[in-house]
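If you want the building blocks of each chain, they are given just below.
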Amino acid sequence: MADVKFTPYKADKDLVEYIYPAGSSFGKGTMPIAKAKALASAKTVIASDKFEGFGIEIDGSFFAGKVETPKKASGFTKKGK
């Protein structure tokens, strides 16, 4: 699972805003953060810049937040004597 950080909705901290496809346009709604996390663990997560502030794409819907990139380990290793 990609490391995602959802931005809580200002009116209710247990919800996250998302934009979903609705025919040839898009709709906007909220869903519980727990449900969004379950979707993120079960589906493919992509970082997106299609909608400002909605940087998480899961199965065609865009969630408020961002995909955290894991820090890469340094290429240096310690050699023992």
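Summarised in this report is the structure supplied together with it. Values in this document were obtained by computation on a predicted structure and should not be read as measured data.

**So, the pattern of salt bridges**
Opposite charge on two side chains permits them to pair, given that their charged atoms come into close proximity. Counted according to the given criterion, the structure contains three salt bridges. Across the pair Asp59 and Lys43 runs a salt bridge, and its minimum N-O distance is 3.5 Å. With Asp59 in the loop between β5 (54-58) and β6 (61-63) and Lys43 in the loop between α1 (33-42) and β4 (45-51), this residue pair connects regions lying 16 residues apart in the sequence. Its relative accessible area of 40% is what places Lys43 among the partly exposed residues. Note that Lys66 is salt-bridged to Glu68, the shortest N-O span being 3.9 Å. The class for Lys66 is partly exposed, based on a relative accessible area of 48%. On the basis of relative accessibility, which here comes to 26%, the residue Glu68 falls in the partly exposed class.

Definitions and limits used
- Residues numbered from 1 in each chain as written.
- Predicted model: local features only at pLDDT ≥ 70, side-chain atom pairs only at ≥ 80, totals over all residues.
- Heavy atoms only, no water.
- Salt bridge = Lys/Arg side-chain N within 4 Å of Asp/Glu carboxyl O.
- Helix = DSSP H or I, 4+ residues; strand = E, 2+ residues; numbered from the N terminus.
- Buried < 20%, exposed > 50% of the residue type's maximum accessible area, 1.4 Å probe, protein only.

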